Amino acid sequence: LGTGVLGLGTGLVLFLPLYAMRAMGAGDVKLMAMVGAFLGAGPTAVAALFVMIAGGVASLLHAATLGATGLLLANSLALAQGLLRHGRGSPPATPMRSLGRIRYGGCIALGTLAYLVLRQQAGS
C-alpha cells in the first residue's frame, strides 16, 4: 500500500506543474498518477522520462505536419522559462499560441510500456 501511494504521489508531483502551466490536461496527470500507483515511486520517475520522450516525439511530429516547428520551439522555451522563473509551474507571462492538442494518454501508455519492456530485458 505504501509503495502504491508513494508512486501515485510521484506521478502526480511530476506532471502537476505541466497542468498548472496549461501544457497538459488533468486526465493525463491522473493517468500518470495511476501508473505510479502500480509501479512505485522510483520506477515512476524513470517511466516519466520515457513518457516525456514519447510526448516530445509526438509533439515534434504534430508540429512538423502543421509546418509549425518554430512555434513549437517558442512555446517550449516559454514553458521552460516559466518553470525556471516560478519553480512551481505557473502559466507563462505571455499567452502562447496553441498548436492544437495531442492525445497524451497514448504517449503515457507508449512511454510506460517502453520502460517496462526495457526493465524486463535488463532483468533477463
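In every chain, residue numbers begin from 1 and rise along the written sequence. Residue-level local features of this predicted model are given only where pLDDT is at least 70; pairs of side-chain atoms are given and counted only at 80 or more, and the full residue set underlies all totals for whole chains, interfaces and linings. To obtain the side-chain values, all non-hydrogen atoms of the structure were included, while hydrogens and water were left out.

Focus: the overall build of the protein
Thinking step 1. In terms of helices and strands, the protein carries five helices and zero strands.
Thinking step 2. Each helix and strand of the protein, ordered N terminal to C terminal, gives the series α-α-α-α-α.
Thinking step 3. Taking 14 Å as the expected radius of gyration for a compact globule of 124 residues, we find that the protein reaches 15 Å, a close match to that expectation.
Thinking step 4. In terms of principal-axis extent, the alpha carbons of the protein reach across some 45 × 30 × 20 Å. Working definition: helices are DSSP H or I runs of at least four residues, strands are E runs of at least two. Numbering for both runs from the N terminus. A radius of gyration in this sense is built from C-alpha atoms; the matching globule rule multiplies 2.2 Å by the number of residues raised to 0.38.

Here's the deal with the environment of R101
Thinking step 1. Topologically, R101 is positioned in the loop between helix 4 (69-86) and helix 5 (104-123).
Thinking step 2. Among the residues examined, R101 registers a relative accessible area of 79% and is labelled exposed.
Thinking step 3. For the pair R101 and T3, spaced 98 residues apart in sequence, the C-alpha to C-alpha distance is 33 Å. Only protein chains enter the accessibility calculation, which uses a 1.4 Å probe; a residue is then buried when its area is under 20% of its type maximum, exposed when over 50%, and partly exposed in between.

Observations regarding the side chain of D28
Thinking step 1. The residue D28 is located in helix 2 (residues 26-39) in this model.
Thinking step 2. Nearest to the buried, unbridged D28 among oppositely charged side chains is R101, at 7.2 Å.
Thinking step 3. If sequence neighbours within four positions are ignored, D28 has contacts with Y104, G105 and I108. In summary, the charge assignment counts Lys and Arg as positive and Asp and Glu as negative, without counting His or the chain termini. By definition here, a salt bridge exists when the distance from a side-chain nitrogen of Lys or Arg to a carboxyl oxygen of Asp or Glu is within 4 Å. Only heavy atoms enter the contact rule, under which two residues are in contact if any of them lie within 4.5 Å.

Considering the nonpolar core
Thinking step 1. Throughout, nonpolar core names a set of buried Ala, Val, Leu, Ile, Met, Phe, Trp, Tyr and Cys residues whose side chains join them through atoms within 4.5 Å. F15, M32, V51, Y104 and I108 are the most contacted members of the largest nonpolar core, which totals 14 residues.
Thinking step 2. Secondary-structure elements contributing two or more residues to this core are helix 2, helix 3 (41-66) and helix 5.
Thinking step 3. Once residues lying within four places of it in the same chain are set aside, the contact partners of F15 are M24, V29, M32, A48, V51, M52 and Y104.
Thinking step 4. Of all hydrophobic cores here, the second largest spans five residues; its members include A63, L71, L72 and L99.

Here's the deal with the environment of A20
Thinking step 1. Summarising the element assignment, A20 is placed in helix 1 (residues 2-20).
Thinking step 2. The class for A20 is partly exposed, based on a relative accessible area of 32%.
Thinking step 3. In this structure the C-alpha to C-alpha distance between A20 and A33, which are 13 residues apart in sequence, comes to 15 Å.

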